[in-house]
Amino acid sequence: EHGVLKVQESAEMEIEASRAFVMVEVNSTKIAFGNAALSASDDLKGVINTIKQIDDSVEVETESVSTSSTSGFFGKNSTATYTIKLTVNQLDKLGLILGACSDGKNVSVKSVKWDYDEDEPKLELVKQAVKKAKHKAVEMMSVIDYEVVGIRSCSDSYQMPQVSEIHLRAPVPAQAKM
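Residues numbered from 1 in each chain as written. Predicted model: local features only at pLDDT ≥ 70, side-chain atom pairs only at ≥ 80, totals over all residues. Heavy atoms only, no water.

K.L.:
Any chance you could break down the overall build of the protein chain for me, citing the residues and the numbers?
P.N.:
Each helix and strand in the protein chain was counted, giving three helices and five strands. Of all 178 residues assigned to the protein chain, the portion counted as buried reaches 27%. Taking the contacts inside the protein chain whose residues are at least 6 apart along the sequence as the reference set, 76% of them involve residues at least 24 apart. Here the protein chain has roughly 12,800 Å² of accessible surface; of this, 50% comes from carbon and sulfur atoms. (Helix = DSSP H or I, 4+ residues; strand = E, 2+ residues; numbered from the N terminus. Buried < 20%, exposed > 50% of the residue type's maximum accessible area, 1.4 Å probe, protein only. Contact = heavy atoms within 4.5 Å. Areas by Shrake-Rupley, 256 points an atom, 1.4 Å probe, with all protein chains shown as cover.)

K.L.:
Any details on the environment of D115? Residues and values, ideally.
P.N.:
By secondary structure assignment, the location of D115 is in strand β4 (residues 107-115). Assessed through its relative accessible area of 24%, D115 is described here as partly exposed. The spacing of D115 and R19 is 96 residues in sequence and 5.3 Å in space, taken between C-alpha atoms. Discounting chain neighbours no more than four positions away, the residues touching D115 are A17, S18, R19 and F21. One polar contact links D115 to R19, side chain to side chain, over a distance of 2.2 Å. (Polar contact = N/O pair within 3.5 Å; in protein donor to acceptor, adjacent residues only side chain to side chain.)

K.L.:
Explain the pattern of salt bridges residue by residue, including any values.
P.N.:
Two side chains with opposite charge may pair up if their charged atoms get near one another. Counted by the stated rule, this structure contains six salt bridges. One salt bridge in this structure joins K136 and E9, with 2.9 Å as the shortest N-O distance. In this pair, K136 is assigned in helix α3 (residues 119-143) and E9 in the segment before β1 (19-28), connecting sequence segments 127 residues apart. The partner of D115 in a salt bridge is R19, with the nearest N and O atoms 2.2 Å apart. Residue D115 is found in strand β4, and its partner R19 is found in strand β1; the two are separated by 96 residues along the sequence. R19 sits in the buried class, given a relative accessible area of 18%. (Salt bridge = Lys/Arg side-chain N within 4 Å of Asp/Glu carboxyl O.)

K.L.:
Give me the environment of S157: which residues, what numbers.
P.N.:
Tracing the chain through its elements places S157 in the loop between α3 and β5 (165-167). With a relative accessible area of 67%, S157 lands in the exposed category. Taking the C-alpha atoms as reference points, S157 and S10, 147 residues apart in sequence, are found 9.4 Å from one another.

K.L.:
Tell me what's going on with unusual backbone geometry, and back it up with residues and numbers.
P.N.:
Positive phi, close to 60°, is recorded for D145, a residue that is not glycine. Assignment of secondary structure puts D145 in the loop between α3 and β5.

K.L.:
So what about the nonpolar core? Which residues, and what values?
P.N.:
Among the nonpolar cores identified, the biggest contains 22 residues, and V22, V24, I51 and L86 are the most heavily contacted of them. At the level of elements, β1, α1 (42-54), β3 (78-88), α2 (94-103) and β4 are the ones that each hand at least two residues to this core. It is β3 that contributes the most residues to this core, five residues altogether. Setting aside residues no more than four positions away along its own chain, L86 makes contact with A20, F21, V22, V24, I51, V58, E59, V60, I97 and C101. (Core = buried A, V, L, I, M, F, W, Y, C linked by side-chain atoms within 4.5 Å.)

K.L.:
Mind laying out α3, listing which residues take part and the relevant values?
P.N.:
Between the first and last C-alpha of α3 there are 37 Å, a value that for 25 residues agrees with the 36 Å anticipated at 1.5 Å per step. Where α3 is concerned, the buried positions are P121, K122, L125, A129, A133, A137 and M141. Looking one or two residues beyond α3, the residue adopting positive phi is D145, at roughly 60°. (Expected span 1.5 Å × (residues − 1).)

K.L.:
So what's going on with a nonpolar patch on the surface? Which residues, and what values?
P.N.:
Among the surface-exposed residues, V143, I144 and Y146 lie close enough to one another that they form a single nonpolar patch of about 360 Å² accessible area. Within the secondary structure, Y146 is located in the loop between α3 and β5. (Patch = residues over 30% accessible without salt bridge, like charges linked within 9 Å, V, L, I, M, F, W, Y side chains within 5 Å.)

Rendered as structure tokens:
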């Protein structure tokens, strides 16, 4: 009859982000919906052109459009707020892209969310932990002249970084702080 030895091991590594999703908010007096929103604001058009010059692989999507009107119907007193999602795959260009977004008069960066390609690193971590657990079990059993003959059960779990999204707010101008 075989006894059961329970051994627990862990492994960790840093996984670099593979892409970033940048949420940009644009205020405009022109109202458009869908992808037409991308050309509704001159500020937004200018920022997108600048971003495309920095990295033409950035994907640009309209996430949402919200409108408001002081007169009760859409007209001269109407405004729109566009939320645009930028998918940035070349993270070495992210700083320049964020700088370009902050240059627009009615444009603000609301958040940056990181995305990770983690399947292969997770598999490598599982292999490392199982290898360490086996070594530990063999060493423990050798002390009492027993032999490890197999694995009865195995499980894994992952802990990803807790910070996955960063929300940004423009600094308050010096005269407004008084």
